[in-house]
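Structure assessment
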Amino acid sequence: MRYYKHLRADMPTKDDVRRLTPNPAIPEVIDYLADQGVETYLDRFDALQPLCRFGLDGTCCRRCLWGPCIVTKTKRGVCGADLPLVVISNHLRMVASGCAAHGQHARNRLETILAILDGRMEGELRGRERVWWLAERYGISREAKSWEELARKVVETMLLDLGSIERKPLRALLALAPAERLETWRKLDIIPTSAFSEVCEALARTSLGADSDWRNVLKHELRVALAFFYGCVIGASFASEILYGSSHPIDVEVGFGTLADTGAVKVAVHGHSPVMAEALAEAVDSERIVEAARQAGADGVSLYGICCTGHELLGRYGIPTLTGILGQEFAIGTGALDAVVVDLQCIIPGIVNVANGFGTRIITTSDSNRLPGALHIPFKPERSREVSETILLAAIEAFRERDHSRQRIPDSHQKVRAGFDGDSILAAFGGRQRMLELLRDGRIVGIATMVSCNTPKVIYEANNVIIARELLRRGVLITTTGCAAHALFNAGLADPEMGSGVKDSLRAVCKEAGVPPVLPVGACVDNTKTMLLFKGLAEEAGLPLTKLPFFYIGAEPGNEKALGMAMSFLAHGIPVLTGYPIPIPVPTLEPREGGGIDDYVSNSNEIADFFAEGALEIVGARIYVESRPTWAAGLVEANMREKRRSLGWSQVPQGSD
Ligand code: BF8
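Residues numbered from 1 in each chain as written. Predicted model: local features only at pLDDT ≥ 70, side-chain atom pairs only at ≥ 80, totals over all residues. Heavy atoms only, no water.

**Notes on the nonpolar core**
With 185 residues, the main nonpolar core has Y230, F429, M435, I444 and I553 as its most contacted residues. When residues of this core are assigned to their parent elements, the largest contribution, 20 residues, is made by helix α11 (residues 214–244). Filtering out sequence-adjacent residues up to four positions away, I444 remains in contact with F429, M435, L438, L439, G475, L477, L506, V509 and R644. Membership of the second largest hydrophobic core comes to 37 residues, among which are Y32, Y41, L337 and F358. (Core = buried A, V, L, I, M, F, W, Y, C linked by side-chain atoms within 4.5 Å. Buried < 20%, exposed > 50% of the residue type's maximum accessible area, 1.4 Å probe, protein only. Helix = DSSP H or I, 4+ residues; strand = E, 2+ residues; numbered from the N terminus. Contact = heavy atoms within 4.5 Å.)

**Some points on the pairing of strand β16 (residues 550–554)**
A large share of β16 lies buried, amounting to five of its five residues. Side chains F550, Y552 and G554 of β16 all project onto a buried face; the interleaved residues F551 and I553 project onto the opposite face, where all are buried too. Sheet topology note: the strand β13 (residues 446–450)/β16 ladder contains four bridges and is parallel. Paired with T449 across the strands is Y552, a residue of β16. Bridging between β16 and strand β17 (residues 576–578) involves three bridges; their strand directions are parallel. Each residue of the ladder has a partner; that of G554, found in β17, is T578. Taken together, β16, helix α24 (residues 560–571) and β17 form a β-α-β motif whose crossover is right-handed. (Pairing = 2+ DSSP bridges. Right-handed = clockwise from strand over helix to strand, strands pointing away.)

**Brief notes about the site of the ligand**
Taken together, H102, H272, C307, C308, I325, C346, S452, C453, C483, C524, N559 and K561 make up the full set of residues adjacent to the ligand. More than half of the atoms of the ligand fall within 2 Å of the grid points belonging to the largest cavity. Considered class by class, the residues forming the shell around the ligand number seven nonpolar, four polar and one charged. (Near = heavy atom within 4 Å. 1 Å grid on protein atoms, 1.4 Å probe; cavity = no way out; pocket = protein on both sides within 12 Å on 5 of 7 lines; lining within 4 Å. Sits in = over half its atoms within 2 Å of the grid points. Nonpolar A, V, L, I, M, F, W, Y, C, P; charged D, E, K, R; others polar.)

This is the structure in structure tokens:
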């Protein structure tokens, strides 16, 4: 391990990952790829050590052409910007970028709905209930003459929230946010307009010589975080439901072992937009594809999922997932995949090199996400069947040409019950009132949502898994999305039979409810489902979100989208745990020069102080930064216990029953 003193954190070497990852499939794949001379992120991460301290701390300003300027507590940039201004301006730009990214695929889905309504694309909208639900909340139900017109009005409203330049408050936020939060945000003057407008405003504010009051920049960051959630995340998640219907609890085997040879052409779908993946899922059984596969000597075509596109198909159809962002090279490195079809985001350029080593065909489908060396087949919703078949025929051709003797598939798979949402979780536990009772009497100590990415800065999948195990042992129920969910799947924690290592009282209520103690609720944008669950329980309790034992955990942040998500939960008054500095200089205690044995000074800074203390005062929650997973779980439990105490809820003995 390499110790980064100023972060108080270790980062692993490739050898550490190989020895210590909790995922049993990975050492075998690492050894195989090393043997084949194929490079992965592990080699590149090793080669880049030590990582730049100023980049890690967010103290390098590259927002104009006068610098770059490295700022410290005593040294300003050329323009006069000090440390808090540089750190928070960099941070705001990252959150804005995350907002743009989730907004991009929200737009992609919303435009697909319009294409169906216009008759430009075949298919029907399966999520009528979500349309009614949204229409009622937007106050447009009585204006529409037909269901289609209603759906169009709902989608047009969501598109306005995404991209209008009108200076009007974001409609979904007014319609869906808890009343207490609306009041808080109004007082803070952070109610956003549309997501794309706030992103543009963020870029303008952080250009040279623009907003130089770090407190005001931070205020805009909270505004962008709300636009991120109510404009982009809600837009994407609900659009998916309108297009393809809700997910339902479903049992499925996941992991690399599901690639074991079935004689089928194996195609992984990867990225974030379900539109292309859904079309492929329909096309695999078409006569043309079945026959083409047969002629190539294959027994049909099988689909697998990676990252958030994987979650979209897992929750609705039980199509197995393989891995999250950090395992995409490893999945291809099994040599089992004939093609990887990618749509938008979290698709790393390194996969092309690995794919070349195994004859796997990488197929890009969006002009926003090209990869040099990949085959590009643009996906057009209007020609979705035709394009899907072209893609699958290219995969079949790869199957025909590839050397299949080079596959090494680890015998590792796990059972998962996936496809939950707020409603199905409440229903399983007997409804809102009963679930609140379980929380009050301590059979459920609290609810944490474990979400977001994996990072090379920790041992592969380890921190998410260790935190989850520690929380289950302490009686905390978990919902999960994104790449964190893939890690928890691989550790067997979303198996409905999962019992050992779970606090007895929690295990008993999960068994009675017929659910695993880790509840998969979908892709990153489906954090809406946890938010609706939290909101429903808070309403039932008649309490603000800030008072309840809920927690947001992004233990392994990697992507700017993860920062946006953390900030939006924080703005809702839900405490956040991040496993790594995000990037903000981490305060440490240093011995005072010439001082006694207990004489320390803190080298803190305004931004770290804001997220640790100031945020608590204005939004009712703080960010905890702790890269050591068992310590992190302890912080979460302590926070939940403190809240239970102040609510007068029953105190639960610590540890296992
Ligand atoms: O939106 S968890 S690495 S896959 S960003 Fe990307 Fe992070 Fe994975 Fe999904 Ni979310």
